[in-house]
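Now for the letters of each chain:
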Amino acid sequence: RRCHQVPFMNAPRSSLLLTVKDEFLVVLLVGLVTLFLLPLRNYLLVANILMVYLFLVFLIALKLGRRSSIFASIFSLFAFFYYFLPPHSSFEIIDLQYLLTLIFMLLIALITSHLTSGLRTQVYLAENRERRIRSLYELASELTGIVTPVQIVQPCRRFIWDNFDEEAILLI
């Protein structure tokens, strides 16, 4: 058997190992961004630091998907809260405006991750539709010059094998 895989509507599978690897990557990326920003916290406005974290969540949503970006949103929120809001290295809230900032950061990060993940799904579906249309076009091109019913069998069997990874028996 040849191994052609042109899936019609098979969604990408996620395994537990992949999830753990992605979450480790999220922790690593948030940690690296935090380490990069720590020496700059006295020079940058809190809003600018917040934007860096939101951009990181956007990139994670783009590359790793919804689950990882939600995890990144929450993890970034805690890193931002602990390291960059006064008093530093504490989870104490001294100004209620910071609480509002944290709530909006989380909301914007979650909405961004949801929209980006939806975009990834739409790209996947569009690529899938394109493969299906190309495959149907190739079948139609092969069937165009066929004169006898027996000649239909081979192109149809190849189409079914290539697209469904299944053997077919055609009765004429």
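Computed from a predicted model, the values in this text were never measured in an experiment.

## Some thoughts on the overall build of the chain
Turning to step 1, where the next piece is worked out: Scanning the chain for helices and strands turns up 5 helices and 0 strands.
Turning to step 2, where the next piece is worked out: The order of helices and strands in the chain, counted from the N terminus, is α-α-α-α-α.
Turning to step 3, where the next piece is worked out: Expressed as a percentage of the 172 residues in the chain, the buried residues total 26%.
Turning to step 4, where the next piece is worked out: Contacts in the chain between residues at least 24 apart in sequence constitute 62% of all its contacts with a sequence separation of at least 6.
Turning to step 5, where the next piece is worked out: Here the chain displays about 11700 Å² of accessible surface, and carbon together with sulfur accounts for 68% of that area.

## Here we look at the packing of aromatic side chains
Turning to step 1, where the next piece is worked out: The full count for this structure, using the stated rule, is 6 aromatic pairs.
Turning to step 2, where the next piece is worked out: Grouped by ring-pair contacts, the aromatic residues Tyr53, Phe80 and Phe84 constitute a single cluster.

## Structural notes on the confidence of the model for the chain
Turning to step 1, where the next piece is worked out: Mean pLDDT over the chain stands at 82; residues scoring 70 or higher make up 88%.
Turning to step 2, where the next piece is worked out: Considering only residues more than four positions removed or in separate chains, one finds that residues 1-14, a stretch of pLDDT under 50, has 30 contacts.

## Re helix H5 (residues 153-164)
Turning to step 1, where the next piece is worked out: If you check H5, its first and last C-alpha atoms are 16 Å apart, about what 12 residues at 1.5 Å a residue would give, namely 16 Å.
Turning to step 2, where the next piece is worked out: Within the span of H5, buried status applies to Pro155, Cys156, Phe159, Trp161, Asp162 and Asn163.
Turning to step 3, where the next piece is worked out: Contact partners of the buried residues in H5: helix H4 (96-144).
Turning to step 4, where the next piece is worked out: Positioned one or two residues after H5, Asp165 has a phi angle of 55°, which is positive.

## Looking at a nonpolar patch on the surface
Turning to step 1, where the next piece is worked out: A grouping of Ile93, Leu96, Leu99, Leu100, Ile103, Phe104, Leu107, Ile108, Ile111 and Leu115 is seen on the molecular surface, where their side chains present a nonpolar patch of about 950 Å² in accessible area.
Turning to step 2, where the next piece is worked out: Inspection of the secondary structure assignment puts Leu115 in helix H4.

Scoring rules and cut-offs
Residues numbered from 1 in each chain as written. Predicted model: local features only at pLDDT ≥ 70, side-chain atom pairs only at ≥ 80, totals over all residues. Heavy atoms only, no water. Helix = DSSP H or I, 4+ residues; strand = E, 2+ residues; numbered from the N terminus. Buried < 20%, exposed > 50% of the residue type's maximum accessible area, 1.4 Å probe, protein only. Contact = heavy atoms within 4.5 Å. Areas by Shrake-Rupley, 256 points an atom, 1.4 Å probe, with all protein chains shown as cover. Phe/Tyr/Trp six-rings, centres within 6.5 Å; stacked < 30°, edge-to-face > 60°. pLDDT = per-residue confidence, 0-100. Expected span 1.5 Å × (residues − 1). Patch = residues over 30% accessible without salt bridge, like charges linked within 9 Å, V, L, I, M, F, W, Y side chains within 5 Å. Salt bridge = Lys/Arg side-chain N within 4 Å of Asp/Glu carboxyl O.

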